[in-house]
Amino acid sequence: MDALEVGILGVPMDLGSSRRGTDMGPSAIRYARLTEVLRQVGHQVRDFGNLDVPVAESLDAGNPRLKHIEAIEPVWRVLADRVARLAGERRVPLVLGGDHSLAVGSIGGLLAAGWDDLGVLWFDAHADFNDTATTPSGNVHGMPVACIVGQGSAELLAHTRWLPRYLPAERLVMIGLRDVDPGEREKLRESGIMTYTMQQIDELGIAEVTRRALQYLHGRGARRLYVSFDMDVVDPDVAPGVGTPVVGGLTYRESHLAMEIVAESGLLAGMEVVEVNPIRDVLNRTAEVAVALVASAFGKRIL
Ligand SMILES: NC(=[NH2+])NCCC[C@H](N)C(=O)O
Ligand SMILES: [Mn+2]
Ligand SMILES: [Mn+2]
């Protein structure tokens, strides 16, 4: 992989989740030596610090079907501006979460930067495709995909009017699904979004799944790839420090192999690592796994 200019942005936000703690994710990931590791891989790295995010305890959650949206939407807008600016400077955005709702801001920023050749690989145990009609929790981190592709209730999409456009559903592929809510599942079937569940990964292998996903996106015009990596796609035995753990996830090596294949594609143009929750972690292991996976995605090789 050629040397890249990587721009790190932290988003210490846990407003999209009912479990506190992902707001400490950016600190934990930095503590696990993210910058040093990326420099060792050969990239130029600049850390732009954290966005300002309100503290959950200081707020009222408001609408129970869209908790904290009044605080989250402004974070999306600021993040979109910052990511668009990085893209304009030809830096590769690397966003540290924070709960997964932040993806509306990060991917919104790439759309704002005019990336009409954007494809998204969404690694997650969950589909994050709920809206105000289907959500079992009211947690916005269960809804970012609905916002990004513009498929959701009017009540939810009212908070995406600042987006310049939506991402076409065929430009997003989900990998690692194993926990999808009933209403969400029905929406997903009709969405036009390509999905690879854990069952398909078990049957085909993660290498084949990742290659198929990349080929699918490429065949639909994607030339720049953004990886949205929810750490809960990894098995909780390997990555216990996440907000919403689900058994039966990717092994350590499966996660790495997927990132190694992403690196080999030569298409990586940005990435985010989200849902690291240090409160639930064991000696920062999950943040260390996150850093190792970022290194693989950015071209670190065994030999
Ligand atoms: N980004 C995540 N970890 N999302 C978890 C979503 C859980 C559940 N599907 C919900 O809507 O509440
Ligand atoms: Mn997620
Ligand atoms: Mn998840």
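On a predicted model such as this, the values are computed, not experimentally measured, just so you know.

Cut-offs used in this document
The residue count restarts for each chain, going from 1 along the sequence in the order it is written. Following the order in which they are written, the chains are lettered starting with A and the ligands numbered starting with 1. Predicted model: local features are reported for residues with pLDDT of at least 70 only, side-chain atom pairs are reported and counted for 80 or more only, and whole-chain, interface and lining totals are derived from all residues. Derived side-chain values reflect all non-hydrogen atoms in the structure, with water molecules and hydrogen atoms excluded from consideration. A fitted line through C-alpha atoms represents every axis, and for helices the fit uses only the stretch in contact; the resulting angles, taken between N-to-C directions, go from 0 to 180 degrees. Only DSSP runs of H or I with at least four residues qualify as helices, and only runs of E with at least two residues qualify as strands; both kinds are numbered from the N terminus onward. Helix crossings are classified by the rotation of the near helix relative to the far one: an anticlockwise turn of less than a right angle makes the crossing left-handed, while a clockwise turn makes it right-handed. Contacts are assigned to residue pairs with any non-hydrogen atoms lying within 4.5 Å of each other. Amino acids are sorted into nonpolar (Ala, Val, Leu, Ile, Met, Phe, Trp, Tyr, Cys and Pro), charged (Asp, Glu, Lys and Arg) and polar (every other residue, Gly among them). In a helix, the anticipated span is given by 1.5 Å times the number of residues less one. Under the scheme applied here, a residue whose accessible area is under 20% of the maximum for its type counts as buried, over 50% as exposed, and between as partly exposed, the area being computed with a 1.4 Å probe on protein chains only. What counts as a salt bridge is simple: a side-chain nitrogen of Lys or Arg found within 4 Å of a carboxyl oxygen of Asp or Glu. Throughout, the term near means that a residue has one or more heavy atoms lying within 4 Å of the molecule or strand in question. Polar contact is the term for a pair of N or O atoms within 3.5 Å; when the atoms are in protein, one must be able to donate a hydrogen and the other to accept it, and sequence-neighboring residues count only if both atoms are side-chain atoms. Calculation of accessible area relied on Shrake-Rupley with a 1.4 Å probe; when residues are assessed, cover is drawn exclusively from the protein chains displayed. Excluding water, the donors of a metal are its N, O and S neighbours within 2.8 Å, or within 3.2 Å for Na, K and Ca, and that exclusion means sites may look incomplete. Only the six-membered ring of Trp is used, alongside the rings of Phe and Tyr, when aromatic pairs are assigned; centres must lie within 6.5 Å, and planes under 30 degrees apart are stacked while those over 60 apart are edge-to-face, with the rest tilted. In our convention, an over-ring charge means Lys NZ or Arg CZ found within 6 Å of a ring centre and within 35 degrees of that ring's normal. Here, a strand pair is defined by DSSP locating no fewer than two bridges between the strands. Classification remark: right-handed applies to a crossover when, strands pointing away from the viewer, the course from the first strand over the helix to the second runs clockwise. UniProt positions are given in the numbering used here, feature names are shortened, and annotations may be inferred rather than shown by experiment.

Enquirer: Looking at this structure, I do not really get the packing of helix α9 (residues 206-219) against helix α10 (residues 252-265). What am I missing?
Expert: Each pair of packed helices gets described by two things: the angle between the helix axes and the distance between those axes. Two elements in contact, α9 and α10, have axes separated by 9 Å at closest approach and are oriented at 35 degrees. For the element pair α9 and α10, the recorded crossing hand is right-handed. Touching I206, A207, T210, R211 and L214 of α9 are E254, L257, A258, I261, V262 and S265, all from α10. A per-class count over the contact of α9 with α10 returns seven nonpolar, two polar and two charged.

Enquirer: Would you mind showing me how to read helix α11 (residues 285-297) here?
Expert: Since the α-helix advances by 3.6 residues per turn, residues separated by three or four positions end up pointing in the same direction. Taking 1.5 Å of rise per residue, the 13 residues of α11 would be expected to cover 18 Å, and the 18 Å separating its terminal C-alpha atoms lies within 8% of that figure. For α11, a buried count of 10 out of 13 residues is recorded, marking the element as mostly surrounded by other parts of the structure. For α11, the set of buried residues is T286, A287, V289, A290, V291, L293, V294, A295, S296 and A297. In this fold, the buried residues of α11 make contact with α1 (25-31), α2 (34-41), β3 (92-97), β7 (224-230), α10 and β8 (268-274). Two residues or fewer past α11, G299 is found with a positive phi of approximately 105 degrees.

Enquirer: What is the right way to read the pattern of salt bridges from this model?
Expert: A pair can form between side chains of opposite charge whenever their charged atoms are brought close. Throughout the structure, instances matching the rule amount to 11 salt bridges. Of the charged contacts, one joins D131 and K187 as a salt bridge, the two residues approaching to 3.4 Å between their closest N and O atoms. Here D131, found in the loop between β4 (118-123) and α5 (144-149), pairs with K187, found in helix α7 (residues 182-189); they are 56 residues apart in sequence, far enough to count as distant. Grouping residues by exposure puts D131 and K187 together as buried.

Enquirer: Help me understand the site of ligand 1 in this model?
Expert: For ligand 1, the set of nearby residues contains 13 residues, the closest of which are D128, N130, S137, D181 and T244. Between ligand 1 and H141, the relevant distance is 3.1 Å, taken from a nitrogen atom to a main-chain nitrogen or oxygen of the residue. Within the side chain of E275, an N or O atom sits 3.3 Å from a nitrogen atom of ligand 1. Considered on its own, ligand 1 offers 350 Å² of accessible surface; in the complex 93% of this is hidden by protein. Residue composition of the shell around ligand 1, grouped by class: one nonpolar, seven polar and five charged.

Enquirer: Sorry if this is basic, but what is going on with the coordination of the manganese ion (ligand 2) here?
Expert: As a benchmark, a tetrahedral metal site with four donors has ideal angles of 109.5 degrees, while an octahedral site with six donors has ideal angles of 90 or 180 degrees. Within the first shell, the manganese ion (ligand 2) binds the protein through H100 (ND1), D124 (OD), D128 (OD) and D230 (OD), at distances of 2.0 to 2.2 Å. Look at where the donors of the manganese ion (ligand 2) fall in the sequence and you get H-x23-D-x3-D-x101-D. Here the manganese ion (ligand 2) and the manganese ion (ligand 3) are spaced 3.2 Å apart, with D124 acting as a shared donor. Highlighted residues: D128 in the loop between β4 and α5 and D230 in strand β7, separated in sequence by 102 residues.

Enquirer: What am I meant to see in the environment of G21 here?
Expert: Looking at where G21 falls in the secondary structure, it is placed in the loop between β1 (5-11) and α1. The spacing of G21 and G241 is 220 residues in sequence and 9.6 Å in space, taken between C-alpha atoms.

Enquirer: I tried to follow the packing of aromatic side chains on my own but got confused; where do I start?
Expert: What the rule picks out here adds up to two aromatic pairs. Ring centres of W76 and W162 lie 6.4 Å apart, and the angle between their planes is 40 degrees; this geometry places the pair in the tilted category. Here the residue W76 occupies a position in helix α3 (residues 69-88), and W162 occupies one in the loop between α6 (154-157) and β5 (172-177), the gap between them amounting to 86 residues. Residue classification places W162 among the buried residues on the basis of a relative accessible area of 18%. Residue placement shows K187 over the ring face of F129; its charged tip is 4.0 Å from the ring centre. Taking the ring centre of W115 as reference, the NZ or CZ of R224 above it sits at 4.3 Å.

Enquirer: Help me understand the pairing of β7, please; the structure alone is not making it clear to me.
Expert: In summary, the side chains of a regular strand alternate between the two faces of the sheet. Within β7, six of the seven residues are buried, which leaves it mostly tucked inside the rest of the structure. Note that β4 and β7 share six bridges and pair parallel. When the sheet's bridge partners are listed, L121 is paired in β7 with V227. Once you follow β7 into α10 and on to β8, the crossover reads as right-handed.

Enquirer: I keep staring at the UniProt feature "binding site: Mn(2+) 2" (unreviewed entry) in the chain and nothing clicks. Help me out?
Expert: Mapped onto this numbering, the UniProt entry gives "binding site: Mn(2+) 2" (unreviewed entry) at D124, H126 and D232. Their sequence span is 109 residues, while the largest C-alpha to C-alpha distance among them is just 8.3 Å; these annotated residues converge on one region. Within the fold, D124 resides in the loop between β4 and α5. Once residues lying within four places of it in the same chain are set aside, the contact partners of D124 are H100, I175, G176, L177, D230, D232 and V233.

Enquirer: Whenever I open this one, the coordination of the manganese ion (ligand 3) confuses me. Can you help?
Expert: Those protein atoms acting as donors to the manganese ion (ligand 3) are D124 (OD), H126 (ND1), D230 (OD), D232 (OD) and D232 (OD), and they sit at 2.1 to 2.5 Å. Mapping the donors of the manganese ion (ligand 3) onto the primary sequence gives the spacing D-x1-H-x103-D-x1-D. Taking relative accessible area as the criterion, D230 reaches 2% and is therefore assigned buried.

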